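Observations on the model geometry
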Amino acid sequence: MSQITRHHTNARMSQIVTHNGTVYLAGQVGTPGASVAQQTQDCLDSIDKLLAEAGSDKSRILQAVIWLADMADFEEMNGVWDAWVPTGQAPARACGEAKLARADFTVEIIVTAAA
């Protein structure tokens, strides 16, 4: 049976789960109340840190799911995202609108990466 490794785990969730060479990250959010651009950058900074801890990096992201509190923020989020994604390494991606956990969160990003 393949080993499952969990990091930064509490009663509700783990921030990192690895299994069979795949890294799964919990949804990352930014500084509550900050601009969409800042919250997006905060999410991406957290993703960089967690992927590095798991032995991976943004060039190995397989899929990203992005939730916005308001699709009107799509272009602002994309401006930060596009500057962050390595050229030629864009993952499969979906982006939708959702009511997030707190009213002052505007962006949540979930990624799956190869180890």
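For the structure, check the block above.
Let me begin by describing the structure that accompanies this report. (Residues numbered from 1 in each chain as written. Predicted model: local features only at pLDDT ≥ 70, side-chain atom pairs only at ≥ 80, totals over all residues. Heavy atoms only, no water.)

**A few points about the overall build of the chain**
Here is the rule we go by: Strands are runs of DSSP state E lasting at least 2 residues, helices are runs of H or I lasting at least 4, and numbering of each runs from the N terminus. Only the C-alpha atoms count toward the radius of gyration. The rule for a globule is 2.2 Å times the residue count to the power 0.38. Burial classes: relative accessible area under 20% of the type maximum marks a residue as buried, over 50% as exposed, and values in between as partly exposed (1.4 Å probe, protein chains only). Working rule for contacts: check all heavy atoms of both residues, and any pair within 4.5 Å makes them a contact. Surface exposure here means Shrake-Rupley accessible area, sampled with a 1.4 Å probe, where a residue is shielded only by the protein chains that are shown.
Counting its regular elements, the chain contains two helices and seven strands. Here the chain has a C-alpha radius of gyration of 14 Å; the compact-globule value for 115 residues is 13 Å, and the two agree. Principal-axis analysis of the C-alpha atoms gives the chain an extent of 45 × 35 × 20 Å. Looking at the chain as a whole, 37% of its 115 residues qualify as buried. Within the chain, contacts between residues separated by at least 24 positions form 68% of all contacts whose residues are at least 6 apart in sequence. A total accessible area of about 6300 Å² is found for the chain, and carbon and sulfur atoms account for 51% of it.

**Examining the packing of aromatic side chains**
Our working rule: Note on aromatic contacts: the rings of Phe and Tyr and the six-membered ring of Trp form a pair at centre separations within 6.5 Å, being stacked when their planes are under 30 degrees apart, edge-to-face when over 60 apart, and tilted otherwise. Lysine NZ or arginine CZ positioned within 6 Å of the ring centre and within 35 degrees of the ring normal marks a charge as sitting over the ring.
Tallied over the entire structure, the rule returns one aromatic pair. In this structure, R102 packs its charged tip against the face of F105, placed 5.2 Å from the ring centre.

**Some remarks on the side chain of D42**
Applicable threshold: Note on charges: Lys and Arg go in the positive column, Asp and Glu in the negative column, and His and the chain ends are not counted at all. Criterion for a salt bridge: a side-chain nitrogen of Lys or Arg within 4 Å of a carboxyl oxygen of Asp or Glu.
Note on placement: D42 falls in helix 1 (residues 36–53). Buried charge without a partner: D42 forms no salt bridge, and the closest opposite charge is R102, 12 Å away.

**What to know about the side chain of T18**
Note that T18 resides in strand 2 (residues 14–19). Look at T18 and you get buried, because its relative accessible area is 18%. If near-sequence neighbours (up to four positions away) are discounted, T18 is found in contact with Q3, I4, T5, V23 and A54.

**What about unusual backbone geometry?**
With the exception of glycine, most residues fall at negative phi, and the peptide bonds are largely trans. Of note, the phi angle at H8 is positive, near 55°, even though the residue is not glycine. The residue H8 is located in strand 1 (residues 4–9) in this model. Phi is positive for N20, which is not a glycine, with a value near 50°. If you trace the backbone, N20 turns up in the loop between strand 2 and strand 3 (22–25).

**Section: the environment of S35**
To be explicit about the condition: We define a polar contact as two N or O atoms separated by no more than 3.5 Å, with the added condition that, inside protein, one atom must be a possible hydrogen donor and the other a possible acceptor, whereas residues neighbouring each other in sequence contribute only through side-chain atom pairs.
Note on placement: S35 falls in the loop between strand 4 (28–29) and helix 1. Taking C-alpha positions, S35 is 30 Å from A114, a pair spaced 79 residues apart along the chain. If we skip the residues at most four places from it in the chain, S35 touches E76 and T106. Looking at S35, its side chain comes within polar contact range of the main-chain nitrogen of Q38, at 3.0 Å.

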